[in-house]
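Analysis of the macromolecular model
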Amino acid sequence: MRRQRFAGRIAGAGTSSGTRVVVGHWHDTPMGAFSDAMVETASGHRVLLAPREEVADFIAATYSFDEVRVEDFTVTSDPSLWQVRSPSLHLDLVVGAPTGLGRLLSVVPRGLSTAPAWCALTDPVARVVLRGVRTRGSAGGGRREYYGATGVRRVLAARGAWEGADLGTLAPVDPPPRFGFSSTPRRPSVTDVVTTVLG
């Protein structure tokens, strides 16, 4: 069985415009380092922004979108600020301290917290504690996907524009975006994660 692992961070944020954004910032993957974004507008239109065709093809085969755009896409990040830039999306996220869950995750050995068996074990808990969040599910095409979180930090503020229109201020990620079997937490956050795809 083929195993593919993606290590990085996922930022999830809602905005007062109704648009919800999930940004992936991946430093270790089978396709090299890259960043991407999944955007669902207030009307429910789901768009993938990816930097290369290879990345777009993989993500589009794993999640559901109404539109896929391949365009220049960059994320500049430090512990307190994410700057997301592409022709379609400009987004700045102010990042704060670890959440209570983040502090709890930090004491779990990384080898355990990122193992698919552990993700399967914690999935029922995640469903109850974090609405919309799951740690295992279908990746399409008979594949399975596992999310192993190792840390969570709060997002304190957001500003930006989608297709040139102001996104407004930070808001909960609600309703959960409909890209796949799982959403980011309702409270805007940045999650350190290892995603494993089997099959």
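To be clear, the structure that these remarks concern was listed above.
A few points on the structure.

Conventions adopted
Residues numbered from 1 in each chain as written. Predicted model: local features only at pLDDT ≥ 70, side-chain atom pairs only at ≥ 80, totals over all residues. Heavy atoms only, no water. Helix = DSSP H or I, 4+ residues; strand = E, 2+ residues; numbered from the N terminus. Rg over C-alpha atoms; globule rule 2.2 N^0.38 Å. Buried < 20%, exposed > 50% of the residue type's maximum accessible area, 1.4 Å probe, protein only. Areas by Shrake-Rupley, 256 points an atom, 1.4 Å probe, with all protein chains shown as cover. Arc of directions from axis to C-beta. Pairing = 2+ DSSP bridges. Expected span 1.5 Å × (residues − 1). Bend = angle between axes of the 7 residues up to and from the residue. Patch = residues over 30% accessible without salt bridge, like charges linked within 9 Å, V, L, I, M, F, W, Y side chains within 5 Å. Salt bridge = Lys/Arg side-chain N within 4 Å of Asp/Glu carboxyl O. Phe/Tyr/Trp six-rings, centres within 6.5 Å; stacked < 30°, edge-to-face > 60°.

Right, let's talk about the overall build of the protein chain for a bit. Each helix and strand counted, the protein chain has four helices and 13 strands in total. Whereas a compact globule of 199 residues would reach a radius of gyration of roughly 16 Å, the protein chain reaches 16 Å, a difference of no more than 12%. The C-alpha extent of the protein chain, read off along each of the three principal axes, is 45 × 35 × 30 Å. Looking at the protein chain as a whole, 52% of its 199 residues qualify as buried. Surface summary for the protein chain: the accessible area is close to 9,100 Å², and the carbon and sulfur share equals 55%.

What follows covers unusual backbone geometry. A cis amide bond links D174 with the next residue in sequence, P175, at an omega value of 0 degrees. Turning to its location among the elements, P175 is positioned in the loop between β12 (170-171) and β13 (189-198). In this structure, E163 takes a positive phi of about 55 degrees despite not being glycine. Of note, E163 is situated in the loop between β10 (143-162) and β11 (165-166).

A few words now on helix α1 (residues 53-62). Looking only at α1, the buried set comprises V55, A56, F58, I59 and T62. Angular distribution of buried residues about the axis of α1 spans 165 degrees; they occupy a single face of the element. Facing away from the buried side of α1 by over 90 degrees, the exposed positions are E53 and D57.

Burial analysis of strand β1 (residues 3-15) places ten of its 13 residues in the buried class, which makes it a mostly covered element. One ladder, built from ten bridges, connects β1 with β13; its direction is antiparallel. Within the sheet, the bridge partner assigned to F6 lies in β13 and is T195. The pairing of β1 with strand β2 (residues 20-28) spans eight bridges and is antiparallel. Following the sheet pairing, A7 is matched in β2 by D28.

A separate point is helix α4 (residues 116-129). With 14 residues, α4 ought to run about 20 Å at 1.5 Å a step, and its terminal C-alpha atoms sit 19 Å apart, in line with that. For α4, the principal kink sits at T122 and spans about 40 degrees; a proline, P124, occurs within the next four residues. Among all positions in α4, only P116, C119, A120, D123 and A126 are buried.

Judged by side-chain polarity, L101, L104 and V107 come together as a nonpolar surface patch covering roughly 290 Å² of accessible area. Of note, V107 is situated in the loop between α2 (100-106) and α3 (110-113).

Turning our attention to the packing of aromatic side chains. Throughout the structure, instances matching the rule amount to four aromatic pairs. Each member of the aromatic cluster is reached from another via a ring pair, and the members are F6, W26 and F58.

Following the criterion strictly, the structure yields eleven salt bridges and no others. Among the salt bridges present, the one from R178 reaches E40, with a minimum N-O distance of 3.0 Å. Taken together, the residues R178 in the loop between β12 and β13 and E40 in strand β3 (residues 34-40) connect sequence positions 138 residues apart. The exposure class of R178 is partly exposed, given its relative accessible area of 42%. Since its relative accessible area comes to 3%, E40 is described here as buried. One salt bridge in this structure joins R136 and D123, with 3.9 Å as the shortest N-O distance. One end of the pair, R136, is in strand β9 (residues 136-140); the other, D123, is in helix α4, and 13 residues separate them in sequence.

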